[in-house]
Amino acid sequence: MGHRDIPVLETKRLRLRSPEPEDYPDFKATFASYRSRFMGGPLNAYETWMLYAAEIGHWEIRGFGMWMVHLKDSNQTVGMAGGWFPAKWPEREIAWIIWPDQAGKGYALEATNRVRKHFYDDKGWEGAVSYLDPKNLDSIRLAERLGAKKDHDAPTVDGSDVVYRHPSPDALRGTQLAHGIDMEIAHYQDPLFKPKGWAID
């Protein structure tokens, strides 16, 4: 059951639900780890608790936010994906994080593509950006696979991040890019598929 009126989104492998108190231990473990270094971490126990409280409160304040990503077959959490627009953010952001032990399985691509479709098709967004650490090559690669391009002229959050602008709904709908994203996700959804080379999200 989702929190209040937060919609539940689904893909073939994933169910995206509102963040709940029982999901906190997985969130805490990730933000206390090296994996969170590109998002202001690692964080201490108090900082992690405050950030998770902000994840839940963001839905109340903005009417959108980050979903907790669960595997359909086991209900295990594998990360978060959704919208993020706290104070000082120049624009609405599409963001994601995958728990360290779940990387390389295509979950970030599958979940982020689903939330972008929700924001575009159901919420009427005309675009979005992702604010990324320039050293976070995995997230930059994921943004590019989603069709986002570096926007050199867009204002950043604090000057240390880079801005990747997602294609507009019209630039995505029915295009070769959208088809390519669906094809890549379908490969990851195939239980016999083994990605070549370095594991990516």
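Described in the following lines is the structure provided in the data block. One numbering rule holds for all chains: residues counted from 1, following each sequence as written. Reporting in this predicted model follows two pLDDT cut-offs: at least 70 for local features of residues, and 80 or more for side-chain atom pairs to be given and counted; totals over whole chains, interfaces and linings ignore these cut-offs and use all residues. The basis for the side-chain values is all heavy atoms of the structure; hydrogens and waters are excluded.

**Topic: the pairing of strand β3 (residues 66–71)**
- The buried label applies to any residue whose accessible area, calculated with a 1.4 Å probe on protein chains only, is under 20% of its type's maximum; exposed applies above 50%, and partly exposed to all values in between. Helix and strand assignments come from DSSP, with helices taken as H or I runs of at least 4 residues and strands as E runs of at least 2, each series counted from the N terminus. By the criterion of burial, β3 is predominantly enclosed, with six of the six residues buried.
- Burial along β3 is two-sided: the face carrying Met66, Met68 and His70 and the face carrying Trp67, Val69 and Leu71 are both buried.
- Here, any two strands with at least 2 DSSP bridges between them count as paired. Pairing between β3 and strand β4 (residues 77–84): five bridges, direction antiparallel. The residue of β4 that forms the bridge with Trp67 is Ala81.
- Count of turn residues in the β3/β4 antiparallel hairpin: five residues, of which Asn75 carries a positive phi of about 70°.

**Description of the packing of helix α1 (residues 24–31) against helix α2 (residues 45–62)**
- Interaxial distance between α1 and α2 falls to 10 Å at its minimum, and their mutual angle equals 125°. When the interaxial angle is binned, α1 and α2 end up oblique. The hand of the α1/α2 crossing is right-handed. For the pair α1 and α2, contact is made by Tyr24, Phe27, Lys28 and Phe31 and by Ala45, Thr48, Trp49, Leu51, Tyr52 and Glu55, respectively.
- Only Asp, Glu, Lys and Arg are considered charged in this grouping, and only Ala, Val, Leu, Ile, Met, Phe, Trp, Tyr, Cys and Pro are considered nonpolar; every other residue, Gly among them, is considered polar. Considering only residue class, the contact of α1 with α2 consists of seven nonpolar, one polar and two charged. Lines fitted to C-alpha atoms define the axes, with helix axes restricted to the stretch in contact, and inter-axis angles between N-to-C directions lie between 0 and 180 degrees. If an angle is under 35 degrees, it is roughly parallel; if it is over 145, roughly antiparallel; if it lies from 65 to 115, roughly perpendicular; otherwise it is oblique. Crossing handedness is defined as follows: a turn of the near helix away from the far one that is anticlockwise and smaller than a right angle gives a left-handed crossing, while the clockwise case is right-handed. Any two residues whose heavy atoms approach within 4.5 Å at even a single point are treated as in contact.

**Thoughts on the packing of aromatic side chains**
- Whether two aromatic rings pair depends on their centres lying within 6.5 Å, for rings of Phe, Tyr and Trp, where Trp uses its six-membered ring; planes under 30 degrees apart make the pair stacked, over 60 edge-to-face, and the rest tilted. Applying the stated rule across the entire model yields ten aromatic pairs.
- Centroid distance Trp67 to Phe119: 5.7 Å. Interplanar angle 45°. Geometry classified as tilted. Of this pair, Trp67 sits in strand β3 while Phe119 sits in helix α3 (residues 107–122), and the two are 52 residues apart along the sequence.
- You can call Trp67 buried: its relative accessible area is 0%.
- Taken together, a centroid distance of 6.1 Å and an interplanar angle of 85° make the contact between Trp89 and Tyr131 edge-to-face. Remark: Tyr131 occurs in strand β6 (residues 129–132) and Trp89 occurs in the loop between β4 and β5 (93–98); sequence separation between them is 42 residues.
- Of the residues examined, Trp89 reaches a relative accessible area of 23% and is grouped as partly exposed.
- We classify Tyr131 as buried; its relative accessible area is 9%.
- It is Arg92 that lies over the ring of Trp125; its NZ or CZ is 4.3 Å from the centre. When the NZ atom of lysine or the CZ atom of arginine is within 6 Å of a ring's centre and also within 35 degrees of its normal, the charge is said to sit over that ring.

**Some thoughts on the packing of α3 against helix α6 (residues 176–189)**
- Direction vectors running N to C along α3 and α6 enclose 140°, while the axes themselves pass 10 Å from each other. It follows from the interaxial angle that α3 and α6 lie oblique. Relative to α6, the crossing made by α3 is left-handed. On the side of α3, the interface is formed by Leu109, Glu110, Asn113 and Arg116, while α6 contributes Ile181, Asp182, Glu184, Ile185 and Gln189.
- Partitioning the contact of α3 with α6 into residue classes produces three nonpolar, two polar and four charged.

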